[in-house]
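# Structure assessment
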Amino acid sequence: MRWDNLGDTPAAPADIALFGTDAVTTRTFDTPEFRGITFHEVRARSILNRVPGASRMPFEWTVNPYRGCTHACVYCFARKTHSYLDLDTGLGFDSQIVVKVNAPELLARQLASARWQGAHIAMGTNVDCYQRAEGRYGLMPGILTALRDRANPFSILTKGTLILRDLELLTQAARVTEVGISVSVGFTDRELWRTVEPGTPSPQRRLDVVRTLGAHGIDCGVLMAPVVPFLGDRPEQLRETVRAIAEAGAVSVTPLVLHLRPGAREWFMQWLRRHHPGLVGRYERMYADGAYAPTWYQRRITRQVHELAAEFGIGPSQRGAARRIAVPEEPSLAAAPEQLTLL
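Here is a short report on the structure shown in this document. (Residues numbered from 1 in each chain as written. Predicted model: local features only at pLDDT ≥ 70, side-chain atom pairs only at ≥ 80, totals over all residues. Heavy atoms only, no water.)

## Re helix 2 (residues 103–111)
Of all the residues in helix 2, the buried ones are A103, P104, L106, L107, Q110 and L111. All buried residues of helix 2 lie within an arc of 165° about the axis, which places them on one face of the element. Where the residues of helix 2 are buried, they touch strand 3 (48–50), strand 4 (61–63), strand 6 (96–100), strand 7 (121–123) and helix 4 (140–149). (Buried < 20%, exposed > 50% of the residue type's maximum accessible area, 1.4 Å probe, protein only. Helix = DSSP H or I, 4+ residues; strand = E, 2+ residues; numbered from the N terminus. Arc of directions from axis to C-beta. Contact = heavy atoms within 4.5 Å.)

## Quick look at the sheet that holds strand 5 (residues 66–67)
A sheet is described by the order of its strands in space; here four strands give the open sequence 1-2-6-5, paired in mixed fashion. Since the sheet does not close on itself, it has two edges, and those belong to strand 1 (24–28) and strand 5, each with one partner. Pairing of strand 2 (residues 38–42) with strand 6, which is carried by five bridges, proceeds in the parallel orientation. Among the inter-strand pairings, V42 is bridged to a residue of strand 6, identified as K100. (Pairing = 2+ DSSP bridges.)

## Focus: the packing of helix 8 (residues 235–247) against helix 11 (residues 295–311)
It is at 10 Å that the axes of helix 8 and helix 11 come closest, and there the two elements cross at 45°. Taken together, the axes of helix 8 and helix 11 are oblique relative to one another. The two elements helix 8 and helix 11 meet at a crossing, and its hand is right-handed. Contacts between helix 8 and helix 11 involve P235, L238, R239 and V242 from the first element and I301, Q304, V305, L308, A309 and E311 from the second. Within the contact of helix 8 with helix 11, the residues separate by chemical class into seven nonpolar, one polar and two charged. (Axes fitted to C-alpha atoms, helices over the stretch in contact; angles between N-to-C directions. Parallel < 35°, antiparallel > 145°, perpendicular 65-115°, else oblique. Left-handed = near helix turned anticlockwise from the far one by under 90°. Nonpolar A, V, L, I, M, F, W, Y, C, P; charged D, E, K, R; others polar.)

## What about the environment of W267?
Summarising the element assignment, W267 is placed in helix 9 (residues 264–275). The buried category is assigned to W267, whose relative accessible area is 17%. For the pair formed by W267 and V74, sequence separation is 193 residues and the distance between their alpha carbons is 6.4 Å. Beyond its immediate stretch of four places on either side in the chain, W267 contacts V74, R79, G90, L91 and D94.

## Here's the deal with the packing of aromatic side chains
Overall, the coordinates contain ten aromatic pairs when judged by the stated rule. For the pair F268 and W271, a centre-to-centre distance of 5.3 Å together with 40° between the ring planes defines the contact as tilted. Pair noted here: F268 and W271 are both in helix 9, with a separation of three residues, about one helical turn. Just as F268 is buried, W271 falls in that class too. Taking the centre distance of 5.8 Å and the plane angle of 10° together, the rings of Y283 and Y287 count as stacked. (Phe/Tyr/Trp six-rings, centres within 6.5 Å; stacked < 30°, edge-to-face > 60°.)

That's the geometry; what it means functionally is another story.
Set out below in structure tokens:
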């Protein structure tokens, strides 16, 4: 396993690894929820990550307390990152989880640096910061506290229901800075969910998170991702998903068609051959030119979802800065919805 020379960050020179072998502790837990999962506890040297300039992301900085994800989504674009550690991007990505145990105190220190200018920080855009491991390690309360104490704007994208544990911290942060929350729900088809996202809470439970956040004065958008070609893109499927999103009280919905980057592409195609062999040829043709579906297909899906969103009374997300959560104590913040597009 290769831990050194993972790359440089703004907080560390290029010749300094993010963490070294002397800072790694490997653990397994014999409990049902973690059986078969190995945790590599590391003390990171930096936690603020600069997004490459060529990225499509509308933000510049991220915080990722974990590498690998027990959600085990077969399409996850972050699978490739495991190869940087000489870890397997298939089952290894699902079961070999790197935990940056010093993330909260490290973030607090980096945010306090005179070099830090208070830029927006996105979380959950690589792997989910509220995956099952968070229930054991509890890194997010400390991370949110550091952001709140520095009034640093941030956004969170998650498929996890554990975010509800941190409702009070989110509300406190929203009183002093800009906060954006999005939940990822690409479809409501339970059969598709069980096979393509086996480690996640069900789409219905994720929509309950949207509903609960709204009931506590926290507006929440939905990233409708991924829309899976030929499996989750029939008009009636799109309608049912957008209807459920609207009923949950989402303030926005943003569709994103499945993309298959290296690492994810190989694993997804293996899954497709096992579960839907008749679709292999269609996928090979659709993604023949790269990681993204053809532009005409993406535009068609976007148009359909936006039309359905308008029908059900919600609007598409807009690119831009995160929107401050509307909290009862600050009624003036309940302005026209504007939600950060995280992906």
